[in-house]
Amino acid sequence: MLADDEEHRYVVLSTREVKGEARFDGERVAVSAGFSLPRLCVEAARRGLAGIEGLGGIPGTVGGALWMNAGAYGQEIGQVVESVRVAREGRVVEVPGSEVSWDYRHTSFREGELLLGATLRLRADDPEQIKARMEEAKQQRFSTQPHGARSAGCFFKNPPGSGLSTGRMIDEMGMKGERRGSAVVSPVHANFIVTEGEGARAGDALALAEEIRERFRREHGIELEYEVEFWGAEGKDEVGGMESKTEGGGLSDERKDED
Ligand SMILES: Cc1cc2nc3c(=O)[nH]c(=O)nc-3n(C[C@H](O)[C@H](O)[C@H](O)COP(=O)(O)OP(=O)(O)OC[C@H]3O[C@@H](n4cnc5c(N)ncnc54)[C@H](O)[C@@H]3O)c2cc1C
């Protein structure tokens with residue numbers, strides 16, 4: 001998520017304290033939206049439950065992962081969702097996972113809906129094997145992505161249906177290390193824009209992102225879609241007068257493991 005530098009004139013709800021405990025029951029786990037996704041993955045692995053071990057390195061909450069259908073290393077959270085508790089039009093409803101569209105970093109949840117928690121259906125497996133797969137994903141992430149740097153994860157989606165990797169293509173365009181003010185194309189992974197210093201500005205990151213999109217369009221004839229969500233000062237999904245490109249965009253099986 002990238003928030004505009006200007007003053008925001010709307011209410012933002014934090015789910016940080018909406019976490020409680022993850023409640024395991026056989027292969028099911030009920031968890032609140034504010035619960036840490038990495039922690040959930042560790043707790044599931046400890047109980048010999050597979051299905052989310054590839055997501056252990058994604059920083060964020062269960063709610064954020066549900067909203068964006070977070071995924072990595074061949075798994076997506078939407079694949080294991082039995083139901084989601086949603087505050088919708090003034091009521092709390094239990095929405096079956098099968099009624100949600102789980103697309104590539106996009107879901108059918110609507111603006112203004114607050115996800116309160118979910119019940120996931122995992123699968124029993126050998127705890128040692130789950131831990132081994134988790135460790136492998138962690139090592140791969142560690143060696144291919146910047147760590148300790150400020151970023152929003154992958155900035156752009158991979159071109160849908162193409163099997164292409166946006167990060168690799170930006171790298172091949174020679175843009176690693178390119179800078180606009182406080183924002184830099186990560187020298188480690190070219191689909192990450194990292195920012196430096198306390199005074200870093202969203203405007204710098206966005207200017208750099210637009211430069212990448214422009215060059216990508218020129219060199220490959222492809223319009224890159226943003227993977228990050230924008231919070232504009234006036235309303236969601238608009239930063240610096242630009243609209244977010246987060247609606248839809250390809251099927252979930254077009255993801256890349258390096259996401
Ligand atoms: C280093 C790094 C690596 C990453 N790697 C991956 C990866 O491999 N795969 C992948 O899929 N993603 C990856 N991401 C992106 C990641 O999915 C998101 O950053 C994370 O899931 C967002 O969770 P959050 O709790 O921080 O949500 P936020 O960033 O706070 O919010 C994200 C969006 O979801 C909405 N939202 C959040 N919680 C709720 C809720 N309870 N109800 C309604 N709306 C809500 C927000 O309004 C916002 O629009 C990575 C990010 C980083 C920084």
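Residues numbered from 1 in each chain as written. Predicted model: local features only at pLDDT ≥ 70, side-chain atom pairs only at ≥ 80, totals over all residues. Heavy atoms only, no water.

Participant: I tried to follow the overall build of the protein on my own but got confused; where do I start?
Facilitator: Scanning the protein from N- to C-terminus turns up five helices and 18 strands. For the protein, whose C-alpha radius of gyration is 18 Å, the value lies close to the compact-globule estimate of 18 Å for 259 residues. Overall, the C-alpha framework of the protein stretches about 50 × 45 × 35 Å when taken along its three principal axes. Counting all 259 residues of the protein, 47% fall into the buried class. When contacts within the protein are restricted to residue pairs at least 6 apart in sequence, long-range pairs at least 24 apart make up 63% of them. Carbon and sulfur atoms form 48% of the exposed surface of the protein, whose accessible area is close to 12700 Å². (Helix = DSSP H or I, 4+ residues; strand = E, 2+ residues; numbered from the N terminus. Rg over C-alpha atoms; globule rule 2.2 N^0.38 Å. Buried < 20%, exposed > 50% of the residue type's maximum accessible area, 1.4 Å probe, protein only. Contact = heavy atoms within 4.5 Å. Areas by Shrake-Rupley, 256 points an atom, 1.4 Å probe, with all protein chains shown as cover.)

Participant: Quick question: what am I supposed to make of the sheet that holds strand β2 (residues 23-25) here?
Facilitator: Strands in a sheet are paired, the pairing made by backbone hydrogen bonds, and the direction either parallel or antiparallel. Taken in spatial order, the five strands make up an open sheet running β2-β3-β11-β7-β8, and their pairing is antiparallel. Taken across any chain shown, the strands that pair with only one partner, and hence form the sheet edges, are β2 and β8 (91-96). Going from strand to strand, the sheet's axes swing by 15° on average, the running direction of each strand aside. As judged from the five bridges shared by strand β3 (residues 28-32) and strand β11 (residues 114-121), these two strands associate in the antiparallel manner. Opposite Val 29, over in β11, you have Leu 120 as the bridge partner. Most of the contacts of helix α1 (residues 37-46) go to β2, to which it runs at about 30°, and overall it touches β2, β3 and β11. (Pairing = 2+ DSSP bridges. Axes fitted to C-alpha atoms, helices over the stretch in contact; angles between N-to-C directions.)

Participant: I'm lost on the domain arrangement of the protein in this one. Help?
Facilitator: Bring the parts together and some accessible area is lost; that lost area is often taken as the interface size. Under the domain assignment, the protein is made up of domain 1 (14-143) and domain 2 (166-254). Of note, the centres of domain 1 and domain 2, computed from C-alpha atoms alone, are 26 Å apart. (Domains from an automatic or database assignment.)

Participant: I would appreciate a short explanation of the pattern of salt bridges in the present structure.
Facilitator: Close approach of charged atoms allows side chains of opposite charge to pair. Counting across every chain of the model gives 26 salt bridges. One salt bridge connects Arg 39 with Glu 21, and the closest N-O pair in it is separated by 3.6 Å. Here Glu 21 lies in the loop between β1 (2-3) and β2 and Arg 39 lies in helix α1, a separation of 18 residues in the sequence. Two residues, Lys 157 and Glu 225, come together in a salt bridge whose shortest N-O distance is 3.4 Å. (Salt bridge = Lys/Arg side-chain N within 4 Å of Asp/Glu carboxyl O.)

Participant: Teacher, can you tell me more about the packing of aromatic side chains here?
Facilitator: Two descriptors summarise a pair of aromatic rings, namely the distance from one centre to the other and the angle between the planes of the rings. If you walk through the whole model with that rule in mind, you get six aromatic pairs. Taken together, the aromatic side chains of Phe 155, Phe 156, Tyr 226 and Phe 230 make up a single cluster linked through ring pairs. Here the basic side chain of Lys 157 rests over the ring of Tyr 104, its NZ or CZ set 5.9 Å away from the ring centre. (Phe/Tyr/Trp six-rings, centres within 6.5 Å; stacked < 30°, edge-to-face > 60°. Lys NZ or Arg CZ within 6 Å of the ring centre and 35° of its normal.)

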